[in-house]
Amino acid sequence: MTKEALLLTIAVLGGTGKEGKGLAYRWAKAGYRVLIGSRSPEKAVTAASEIMEILEGSSSVVGMTNTEAAQQADIVVLTVPYAAHRDTLDGVKDMLKGKLLVDTTVPLVPPKLSKVQMPAAGSAAQEAKEIVGEDVEVAAAFQNVSYKHLIGEEYVECDVLVTGSSKEAREEALKLVAAADLTGWDAGPLENSVVVEGLSSVLLNINRLYGSKHSGIKITGVPARPPE
Ligand SMILES: NC(=O)c1ccc[n+]([C@@H]2O[C@H](COP(=O)([O-])OP(=O)(O)OC[C@H]3O[C@@H](n4cnc5c(N)ncnc54)[C@H](OP(=O)(O)O)[C@@H]3O)[C@@H](O)[C@H]2O)c1
C-alpha cells in the first residue's frame, strides 16, 4: 500500500455505474478509502457492499450521496454520463474548493456515439473547469478505458492519457492511474482533453466496425520507465 493510499479518500460520483464501480474497485484494492457517491444513498450503499464483497471485506468502501462524498473526500472523481455532467457538478462545486477533480467524462451525444461531438467549451473537461472555477484543479483521465477491463485481475491493454489544469493536477491523477494498475502518460494541458475524449468515439467506431467490445490505445516509441 502506498503512502498516498493511506492518507487519501477518493469520492467516485456516479460510482454506482459501470466505469465508476470499476475504478472504485481498483482504488479500494490499492488501499485507498473510497466513497461511492450517488443520487440515491441506498443505491450507493448497495454498490459499496458489492465491491467490498469482491474484495472480501479487506478494504474501505462506503456509499452515500454525491454531495456527502464530495464533501468528505480529498480527491473527487466524476463518472456520470455527459447528460448529467453539468447538473452533477453544479450540485457539488461548493464542496470541491482546494481539491482535485478528476473527470472521466466523454461528451457522447446519442445516437451518434462514434462521431466526435465536443461541447462549446472545447471538451467535457474544459466545461468542468468552467463550472467549478479557479479554486479547483481539474484533471481528465480514463476516458479511453472500457469498464469491462476494470473489475478483475487481467492486464488492461489500454494506456491512460492524463490532461490537467496544472502539472500538480496531472501528477496527482497519474498516481491514481498507477494505483489502478494502469499505465498513464502526462498528455499536457486540459485543452488537450479534446483529443483524448474524441479518441473514445474513434474507439467506439473501431469496436463497431471490427467486432470488438473493448479496443484501446497504447503509446509506443518511448523508453521504458523505471518502476516507481
Ligand atoms: N462505460 C465505459 O466503459 C466508460 C469508459 C470510459 C469513460 N466513461 C465515462 O464514464 C462516465 C460514466 O459512464 P458509465 O458507462 O459508467 O455510465 P452509467 O453506468 O450509465 O452511469 C453512471 C452513473 O451516473 C449516474 N447517472 C446516470 N444518469 C444520470 C442522470 N441523468 N443524472 C445524474 N446522474 C446520473 C448514475 O448514478 P446514480 O443513479 O447512482 O446517481 C449511474 O450509476 C461517462 O461520462 C462515460 O463517458 C465510461
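This one's a predicted model, so the numbers in the text were calculated from it and none came from an experiment. (Residues numbered from 1 in each chain as written. Predicted model: local features only at pLDDT ≥ 70, side-chain atom pairs only at ≥ 80, totals over all residues. Heavy atoms only, no water.)

Peer 1: Please explain the nonpolar core as it appears in this structure.
Peer 2: Inside soluble globular proteins, nonpolar side chains tend to come together where they are buried. In this structure, Trp27, Val34, Ile36 and Phe142 are the most contacted members of the largest nonpolar core, which totals 42 residues. With five residues, the top contributor of residues to this core is helix 2 (residues 18-29). The contacts of tryptophan 27, once residues within four sequence positions are left out, are Ile10, Val12, Tyr32, Val34, Val77, Phe142, Leu176, Ala179 and Ala180. (Core = buried A, V, L, I, M, F, W, Y, C linked by side-chain atoms within 4.5 Å. Buried < 20%, exposed > 50% of the residue type's maximum accessible area, 1.4 Å probe, protein only. Helix = DSSP H or I, 4+ residues; strand = E, 2+ residues; numbered from the N terminus. Contact = heavy atoms within 4.5 Å.)

Peer 1: Where do I start with the layout of surface pockets in this structure?
Peer 2: Which parts of space are left empty comes out when a probe the size of a water molecule is rolled across the atoms. Empty space within the largest pocket amounts to approximately 1200 Å³. Along the wall of the largest pocket there are 43 residues; nearest its centre are Lys18, Glu19, Thr79, Val80 and Pro81. Going through the elements one at a time, helix 2, helix 4 (66-72), helix 5 (85-92) and helix 8 (193-210) are the ones with two or more residues in the lining of the largest pocket. Across the lining of the largest pocket, the residue classes tally to 15 nonpolar, 21 polar and seven charged. (1 Å grid on protein atoms, 1.4 Å probe; cavity = no way out; pocket = protein on both sides within 12 Å on 5 of 7 lines; lining within 4 Å. Points joined across faces, edges and corners; volume = space filled by probe spheres on them. Nonpolar A, V, L, I, M, F, W, Y, C, P; charged D, E, K, R; others polar.)

Peer 1: Where do I start with the site of the ligand in this structure?
Peer 2: The environment of the ligand is made up of 20 residues, and the closest members are Thr16, Glu19, Ser38, Lys43 and Val80. In this structure, serine 38 approaches the ligand through a side-chain N or O atom, which is 2.5 Å from an oxygen atom. Taking lysine 43, its side chain carries an N or O atom lying 2.6 Å from an oxygen atom of the ligand. A total of 880 Å² of accessible area belongs to the ligand in isolation, and the protein chains cover 77% of it. In a pocket analysis with a 2 Å cut-off to the grid points, the ligand is assigned to the largest pocket. Tallied by class, residues from the shell around the ligand come to seven nonpolar, nine polar and four charged. (Near = heavy atom within 4 Å. Polar contact = N/O pair within 3.5 Å; in protein donor to acceptor, adjacent residues only side chain to side chain. Areas by Shrake-Rupley, 256 points an atom, 1.4 Å probe, with all protein chains shown as cover. Sits in = over half its atoms within 2 Å of the grid points.)

Peer 1: How should the sheet that holds strand 5 (residues 100-103) be read in this particular structure?
Peer 2: Through backbone hydrogen bonds, the strands of a sheet pair up, either in parallel or in antiparallel fashion. The strand order 3-2-1-4-5-6-7-8 describes an open sheet built from eight strands, whose pairing is mixed. Whereas interior strands pair on both sides, the edge strands pair on one side only; in this sheet they are strand 3 (60-65) and strand 8 (184-189). Averaged over neighbouring strand pairs, the angle between their axes works out to 25° when direction is ignored. As paired elements, strand 5 and strand 6 (residues 137-140) share four bridges and run parallel to each other. Bridge assignment links leucine 100 to a residue of strand 6, and that residue is glutamate 137. Each of strand 5 and strand 6 is contacted by helix 6 (residues 124-132), which is oriented at about 150° to strand 5, the strand it contacts most. (Pairing = 2+ DSSP bridges. Axes fitted to C-alpha atoms, helices over the stretch in contact; angles between N-to-C directions.)

Peer 1: I tried to follow the environment of alanine 83 on my own but got confused; where do I start?
Peer 2: As for its placement among the helices and strands, alanine 83 is situated in the loop between strand 4 (75-78) and helix 5. Judged by relative accessible area, which is 79%, alanine 83 ranks as exposed.

Peer 1: How should the pairing of strand 4 be read in this particular structure?
Peer 2: Residues Ile75 and Val77 of strand 4 are buried on one face, and the alternating residues Val76 and Leu78, pointing to the opposite face, are buried as well. The pairing of strand 1 (residues 9-13) with strand 4 spans four bridges and is classified as parallel. The residue bridging leucine 13 from the neighbouring strand is leucine 78, located in strand 4. Summarising the sheet, strand 4 and strand 5 pair through four bridges and their orientation is parallel. In the sheet register, isoleucine 75 faces strand 5, and the bridge partner there is leucine 100. For the crossover from strand 4 across helix 5 to strand 5, the handedness is right-handed. (Right-handed = clockwise from strand over helix to strand, strands pointing away.)

Peer 1: Help me understand the side chain of aspartate 103 in this model?
Peer 2: Its location among the elements puts aspartate 103 in strand 5. Within the buried core, aspartate 103 has no salt-bridge partner, and the shortest N-O distance to an opposite charge, that of arginine 86, equals 11 Å. Those residues within four positions of aspartate 103 in sequence are excluded, and the remaining contacts are Leu78, His85, Ala124, Ala125, Ala128, Ala139, Ala140, Ala141 and Gln143. (Lys, Arg positive; Asp, Glu negative; His and termini not counted. Salt bridge = Lys/Arg side-chain N within 4 Å of Asp/Glu carboxyl O.)

Peer 1: Just to check I follow, could you spell out helix 6 for this structure?
Peer 2: In an α-helix, one turn spans 3.6 residues; hence positions three or four apart end up facing the same way. With seven of nine residues buried, helix 6 lies mostly within the body of the structure. Listed in full, the buried residues belonging to helix 6 are Ala124, Ala125, Gln126, Glu127, Ala128, Ile131 and Val132. Directly after helix 6, the chain includes glycine 133, whose backbone phi takes a positive value near 85°.

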